[in-house]
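Inside the fold
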Amino acid sequence: MSRTLAILKPDCVRRNLSGEVIARIQKANFKIVALKMVRLSKQAAGEFYAVHKGRPFYDGLVEFMTSGACIPMVLEKENAFEEFRKFIGATDPKDAMPGTIRRDFAESKGENIVHGSDSPENAEREIGFFFSEREIVDLQ
Ligand code: IDP
Ligand code: MG
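Computed from a predicted model, the values in this text were never measured in an experiment.

**Topic: the sheet that holds strand S2 (residues 31–35)**
- Ordered by their spatial adjacency, four strands build an open sheet running S2-S3-S1-S4, and the pairing between neighbours is antiparallel. At either end of the open sheet lies a strand with only one pairing partner, and these are S2 and strand S4 (114–116). Between one strand axis and the next, the sheet turns through 30° on average, direction left out of account.
- Two elements, S2 and strand S3 (residues 71–77), share four bridges in a ladder whose sense is antiparallel. When the sheet's bridge partners are listed, Ile32 is paired in S3 with Leu75.
- Contacts from helix H5 (residues 80–88) reach strand S1 (2–8), S3 and S4 within the one sheet, and its direction differs from that of S4 by about 150°.

Structure representation (structure tokens):
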């Protein structure tokens with residue numbers, strides 16, 4: 001079993017899609033072991049996406065991620081990060097496979113509903129960004 005970090009982004013929360021997306025995450029057999037709702041500060045969003053600093057979309061991304069509530073969650077599954085990346089689809093919904101979350105719900109490459117960690121190392125770092133170990137439920 002491994003863990004990944006997912007975030008329901010502000011477009012997901014604002015459009016009242018959180019329940020539907022969570023139901024699909026659960027139907028796909030990801031186990032939710034931590035979940036909270038947060039409003040990110042500019043500093044926090046900038047830090048979370050620091051790897052993209054200097055890219056043309058960075059300021060817009062920080063603006064978007066601070067525009068409303070986010071729902072970060074920790075998911076468990078075998079090969080969690082890879083499975084979740086497949087499940088959400090490509091960054092741009094136009095390139096995402098049919099049946100993926102981004103293809104089905106996202107309106108643009110920027111406002112693409114959901115975040116998923118892209119490696120086990122980043123999953124650990126990103127989980128630690130939002131959750132302390134004692135906020136993560138042990139389901140074993
Ligand atoms: P990912 O979320 O699929 O891992 P990244 O390349 O890591 O994609 O980019 C992080 C986020 O930045 C994306 O999910 C999206 O919200 C935003 N983003 C990435 N590329 C673009 C772009 O070309 N235009 C607008 N927003 C972008
Ligand atoms: Mg990424």
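What follows continues from the structure just given.
**Points about the nonpolar core**
- In this structure, Leu5, Leu40, Met65, Val74 and Phe130 are the most contacted members of the largest nonpolar core, which totals 21 residues.
- Listing elements by their share of this core, those giving two or more residues are S1, S2, helix H3 (42–48), helix H4 (58–65) and helix H7 (120–130).
- When residues of this core are assigned to their parent elements, the largest contribution, five residues, is made by H4.
- Counting residues in each nonpolar core, the second largest holds 20 residues, with Leu8, Val21, Met73 and Ile88 among its members.

**Topic: the state of the cysteines**
- One pass over the structure, following the stated rule, counts zero disulfides.
- The cysteine Cys12 is free of any disulfide, with Cys70 supplying the nearest cysteine sulfur at 9.8 Å.

**Quick word on the site of ligand 1**
- Neighbouring ligand 1 are the residues Lys9, Tyr49, His52, Phe57, Leu61, Arg85, Thr91, Arg102, Lys109, Gly110 and Asn112.
- Lys109 is positioned such that a nitrogen or oxygen atom in its side chain is 3.4 Å from an oxygen atom of ligand 1.
- The backbone of Gly110 places a nitrogen or oxygen atom 2.8 Å from an oxygen atom of ligand 1.
- Contact with the protein chains covers 77% of the free accessible surface of ligand 1, which is 530 Å².
- Residue composition of the shell around ligand 1, by class: three nonpolar, four polar and four charged.

**A closer look at the pairing of S1**
- Burial analysis of S1 places five of its seven residues in the buried class, the great majority of the element.
- Two elements, S1 and S3, share seven bridges in a ladder whose sense is antiparallel. Looking at the pairing, Thr4 lines up with Leu75 of S3.
- Examined bridge by bridge, S1 and S4 share three bridges and lie antiparallel to one another. Along S4, the bridge assignment pairs Ile7 with His115.

What counts, and at which threshold
Residues numbered from 1 in each chain as written. Chains lettered and ligands numbered in written order. Predicted model: local features only at pLDDT ≥ 70, side-chain atom pairs only at ≥ 80, totals over all residues. Heavy atoms only, no water. Pairing = 2+ DSSP bridges. Helix = DSSP H or I, 4+ residues; strand = E, 2+ residues; numbered from the N terminus. Axes fitted to C-alpha atoms, helices over the stretch in contact; angles between N-to-C directions. Contact = heavy atoms within 4.5 Å. Core = buried A, V, L, I, M, F, W, Y, C linked by side-chain atoms within 4.5 Å. Buried < 20%, exposed > 50% of the residue type's maximum accessible area, 1.4 Å probe, protein only. Disulfide = S-S within 2.5 Å. Near = heavy atom within 4 Å. Polar contact = N/O pair within 3.5 Å; in protein donor to acceptor, adjacent residues only side chain to side chain. Areas by Shrake-Rupley, 256 points an atom, 1.4 Å probe, with all protein chains shown as cover. Nonpolar A, V, L, I, M, F, W, Y, C, P; charged D, E, K, R; others polar.

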